[in-house]
Amino acid sequence: MTASDVDAAVTDAITLIDQLVEVLVSENKTLSRGFPASLIDTTARKNELGEAFEQWVAAVRNQRIDLTAANDELRDEMISRSHTLHAAVDENINRLRGAIDASRRRLDAVLRAVRDERAGNSPYGADGRPQCGATAIPSLRPPLSI
């Protein structure tokens, strides 16, 4: 690769990082408003950009792109953008964890309410015997006199 090819590859990486940061910032704003992670519509785009960036990083690791041949200003700009990307990814991970925890708490509350509803309407107690309380079905109550 020539130096101009490397500069073009670094410029492409900077553009890719900027797009990925833009998607992450948008997703983080949505998550900060309390929306469940499942309702986020940026996941496909985030995955697409993330895969493209991983391929670029792999090209650098495999020495198909030699960053030492890049223009110093471009390289510094890419490093700066990489720090911005890292911060956005960290925030995204934390917000996604929070959204998943909130979804789990909501699900647990619904399940608990369903269990409580079932337990309160059951004609049988925890020991399997018919309940004598007001929630038992009248035909299953023991007779008052024999």
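So, here's what we can say about the structure. (Residues numbered from 1 in each chain as written. Predicted model: local features only at pLDDT ≥ 70, side-chain atom pairs only at ≥ 80, totals over all residues. Heavy atoms only, no water.)

### Structural notes on the nonpolar core
Nonpolar side chains tend to gather and get buried jointly when the protein is soluble and globular. Of all hydrophobic cores here, the largest spans 21 residues; its most connected members are Val-10, Ile-17, Phe-53, Trp-56, Ile-65, Met-78 and Leu-85. Of all the secondary structure elements, the ones that give two or more residues to this core are helix H1 (3–32), helix H2 (43–61) and helix H3 (72–121). Broken down by element, the residue count for this core peaks at 11 residues, all from H1. Other than its neighbours up to four places away in sequence, Ile-65 contacts Met-1, Val-6, Ala-9, Trp-56, Ala-59 and Val-60. (Core = buried A, V, L, I, M, F, W, Y, C linked by side-chain atoms within 4.5 Å. Buried < 20%, exposed > 50% of the residue type's maximum accessible area, 1.4 Å probe, protein only. Helix = DSSP H or I, 4+ residues; strand = E, 2+ residues; numbered from the N terminus. Contact = heavy atoms within 4.5 Å.)

### Considering the layout of surface pockets
Approximately 240 Å³ is the volume attributed to the largest pocket. Lining the largest pocket are 13 residues, with Leu-20, Lys-46, Gly-50, Glu-54 and Val-89 positioned closest to its centre. Among the secondary structure elements, those contributing two or more residues to the lining of the largest pocket are H1, H2 and H3. Here the lining of the largest pocket takes 6 residues from H2, the largest share from any one element. (1 Å grid on protein atoms, 1.4 Å probe; cavity = no way out; pocket = protein on both sides within 12 Å on 5 of 7 lines; lining within 4 Å. Points joined across faces, edges and corners; volume = space filled by probe spheres on them.)

### Describing the packing of aromatic side chains
Overall, the coordinates contain 1 aromatic pair when judged by the stated rule. Taking 6.4 Å as the distance between ring centres and 10 degrees as the angle between the ring planes, the aromatic pair formed by Phe-53 and Trp-56 counts as stacked. Separated by 3 residues within a single helix, Phe-53 and Trp-56 lie in helix H2, roughly one turn from each other. Among the residues examined, Phe-53 registers a relative accessible area of 17% and is labelled buried. (Phe/Tyr/Trp six-rings, centres within 6.5 Å; stacked < 30°, edge-to-face > 60°.)

### Digging into the pattern of salt bridges
Evaluation of the coordinates by the stated rule reveals 7 salt bridges. A salt bridge links Lys-46 to Glu-27; the shortest N-O distance between them is 2.8 Å. Separated by 19 residues along the polypeptide, Lys-46 in helix H2 and Glu-27 in helix H1 bring together distant segments of the chain. Lys-46 sits in the buried class, given a relative accessible area of 15%. Between Arg-45 and Glu-48 there is a salt bridge; the shortest N-O distance is 2.7 Å. Here Arg-45 and its partner Glu-48 are both found in helix H2, 3 residues apart, which amounts to about one turn of the helix. Judged by relative accessible area, which is 34%, Arg-45 ranks as partly exposed. On the accessibility criterion, Glu-48 (48% relative accessible area) is partly exposed. (Salt bridge = Lys/Arg side-chain N within 4 Å of Asp/Glu carboxyl O.)

### Comments concerning the packing of H1 against H2
Where H1 meets H2, the axes come as close as 10 Å, and the angle between the chain directions of the two elements is 150 degrees. Taken together, the axis directions place H1 and H2 in an arrangement best described as roughly antiparallel. Where H1 crosses over H2, the handedness of that crossing is left-handed. From H1, Ala-9, Val-10, Ala-13, Leu-16, Ile-17, Gln-19, Leu-20, Val-23, Leu-24 and Glu-27 reach across to H2, where they touch Thr-43, Arg-45, Lys-46, Leu-49, Gly-50, Ala-52, Phe-53 and Trp-56. Among the residues making up the contact of H1 with H2, the classes are represented as 12 nonpolar, 3 polar and 3 charged. (Axes fitted to C-alpha atoms, helices over the stretch in contact; angles between N-to-C directions. Parallel < 35°, antiparallel > 145°, perpendicular 65-115°, else oblique. Left-handed = near helix turned anticlockwise from the far one by under 90°. Nonpolar A, V, L, I, M, F, W, Y, C, P; charged D, E, K, R; others polar.)

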